[in-house]
Amino acid sequence: IRLHARNDQDRETLRKVFGCVRWTYNKCVHHLRETKKPAPLKELRALFVKEGSEAVEKNPWLNEVGFDIRDDALKEFRTSLKGNFTKLKNKDLASFQMNYRSKKRQKSETFYLRKRWITQTKNTIVLKLPNMSKIVLWSGKTGWRSPILMDCKFQRTWTGEYYLCIPYAYGVDS
């Protein structure tokens, strides 16, 4: 679903979230390159996500974005890492190196939206991210087709367009 940021404050909030997700992912890549071995999720959380960690103390702007969003960036890194190790094991790759995410080089970037952050009324869909102000994602004269039943993904393309990616629930009765 194509979304339009309503004002500069909403655009700034989304820019911060995408920047924080990219920063967290890149810190995990840097840690992997420095240590030459994958770190457990618990260790990465202690280094880059938890309040009071050295990285968060040096970058207080990270606290503006909730823990869950930063934690999902870690999980996305781990998923990418596991996928590459699987490809290496299956001999689909000769070797690999995890790359940093670049705002300029990326076709699109995403972050997970928890269902609990989305409020639906008859004519609006509002996003309330942890530690941030509310963002109206959609509003219209006609009602929204169906309720959002599960977690979604929020995507920004390289052209600056926003999309809400809602998985279709097969076999779920309305």
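Now for a description of the structure that goes with this document.

So, how was this worked out
- Residues numbered from 1 in each chain as written.
- Predicted model: local features only at pLDDT ≥ 70, side-chain atom pairs only at ≥ 80, totals over all residues.
- Heavy atoms only, no water.
- Helix = DSSP H or I, 4+ residues; strand = E, 2+ residues; numbered from the N terminus.
- Contact = heavy atoms within 4.5 Å.
- Core = buried A, V, L, I, M, F, W, Y, C linked by side-chain atoms within 4.5 Å.
- Buried < 20%, exposed > 50% of the residue type's maximum accessible area, 1.4 Å probe, protein only.
- Pairing = 2+ DSSP bridges.
- Axes fitted to C-alpha atoms, helices over the stretch in contact; angles between N-to-C directions.
- Parallel < 35°, antiparallel > 145°, perpendicular 65-115°, else oblique.
- Left-handed = near helix turned anticlockwise from the far one by under 90°.
- Nonpolar A, V, L, I, M, F, W, Y, C, P; charged D, E, K, R; others polar.
- Phe/Tyr/Trp six-rings, centres within 6.5 Å; stacked < 30°, edge-to-face > 60°.
- Lys NZ or Arg CZ within 6 Å of the ring centre and 35° of its normal.

## Overview of the environment of Val 49
Consideration 1: Counting through the fold element by element, Val 49 comes out in the loop between α2 (41–48) and α3 (54–58).
Consideration 2: Between the C-alpha atoms of Val 49 and Phe 77, which are 28 residues apart in sequence, the distance is 13 Å.
Consideration 3: Val 49 has contacts with Thr 24, Leu 44, Val 56, Phe 67, Arg 70, Asp 71 and Leu 74, leaving out every residue within four places of it along the chain.

## A look at the nonpolar core
Most often, soluble globular proteins keep nonpolar side chains buried together rather than apart.
Consideration 1: Core analysis: the largest hydrophobic core is formed by 41 residues, its most contacted members being Val 17, Phe 77, Phe 111, Leu 113, Leu 127, Leu 129 and Phe 154.
Consideration 2: With ten residues, helix α1 (residues 8–35) is the largest single contributor of residues to this core.
Consideration 3: For Phe 77, the residues in contact, after removing those within four places along its chain, are Tyr 25, Cys 28, Val 29, Leu 32, Leu 44 and Met 98.

## Quick look at the pairing of strand β6 (residues 152–157)
Consideration 1: Where burial is concerned, most of β6 is hidden: five out of the six residues are buried.
Consideration 2: Note that strand β2 (residues 108–113) and β6 share six bridges and pair antiparallel. Opposite Leu 113, over in β6, you have Cys 152 as the bridge partner.
Consideration 3: In this sheet, strand β7 (residues 162–165) lies alongside β6 in antiparallel orientation, the contact comprising four bridges. Note that in β7 the partner of Gln 155 across the bridge is Tyr 163.
Consideration 4: Once β6 ends, the chain turns through four residues before running back antiparallel as β7, passing Gly 160 with a positive phi of about 90°.

## Focus: the packing of α1 against helix α4 (residues 67–89)
When two helices pack together, their arrangement is given by the angle between the helix axes and by the axis-to-axis distance.
Consideration 1: Axis separation between α1 and α4 bottoms out at 9 Å; the angle between their running directions is 45°. Our classification of the angle between α1 and α4 gives oblique. Our pair here, α1 against α4, has a crossing hand that is right-handed. Counted together, Val 17, Cys 20, Val 21, Thr 24, Tyr 25, Cys 28, Val 29 and Leu 32 of α1 and Ile 69, Arg 70, Ala 73, Leu 74, Glu 76, Phe 77, Ser 80 and Leu 81 of α4 form the full contact between these two elements.
Consideration 2: Grouping the constituent residues of the contact of α1 with α4 by class yields twelve nonpolar, two polar and two charged.

## What to know about the sheet that holds β6
Consideration 1: If you walk across this open sheet you meet the four strands as β1-β7-β6-β2, and the pairing is antiparallel. Each of the sheet's edge strands pairs with one partner strand only, and the pair in question is β1 (2–3) and β2.
Consideration 2: Alignment of β1 against β7, held across two bridges, turns out to be antiparallel. Paired with Arg 2 across the two strands is Tyr 163, which belongs to β7.
Consideration 3: Sitting on the sheet, α1 is in contact with β2, β6 and β7, with an inclination near 95° to β2.

## Description of unusual backbone geometry
Consideration 1: Phi is positive for Lys 91, which is not a glycine, with a value near 65°.
Consideration 2: Even without a glycine there, the phi angle at Asn 131 is positive, about 65°.
Consideration 3: Assignment of secondary structure puts Asn 131 in the loop between β4 (124–127) and β5 (135–139).
Consideration 4: The exposure class assigned to Asn 131 is exposed, which follows from its relative accessible area of 56%.

## Thoughts on the packing of aromatic side chains
Consideration 1: Inspection of the entire model under this criterion finds six aromatic pairs.
Consideration 2: Seen from their ring centres, Phe 18 and Phe 154 are 6.1 Å apart, and the 35° between their planes marks the pair as tilted. Separated by 136 residues along the polypeptide, Phe 18 in helix α1 and Phe 154 in strand β6 bring together distant segments of the chain. For the pair Phe 18 and Phe 154, a shared accessibility class is recorded, and that class is buried.
Consideration 3: A centroid spacing of 5.7 Å and a plane angle of 80° characterise the contact between Tyr 25 and Phe 77, whose relative ring orientation is edge-to-face. Taken together, the residues Tyr 25 in helix α1 and Phe 77 in helix α4 connect sequence positions 52 residues apart. Neither residue differs from the other here; Tyr 25 and Phe 77 are each classed as buried.
Consideration 4: Here the aromatic cluster, defined as three or more aromatic residues joined through ring pairs, consists of Phe 18, Phe 111, Phe 154 and Tyr 162.
Consideration 5: Taking NZ or CZ as reference, Arg 101 lies 3.7 Å from the ring centre of Tyr 25, over its face.

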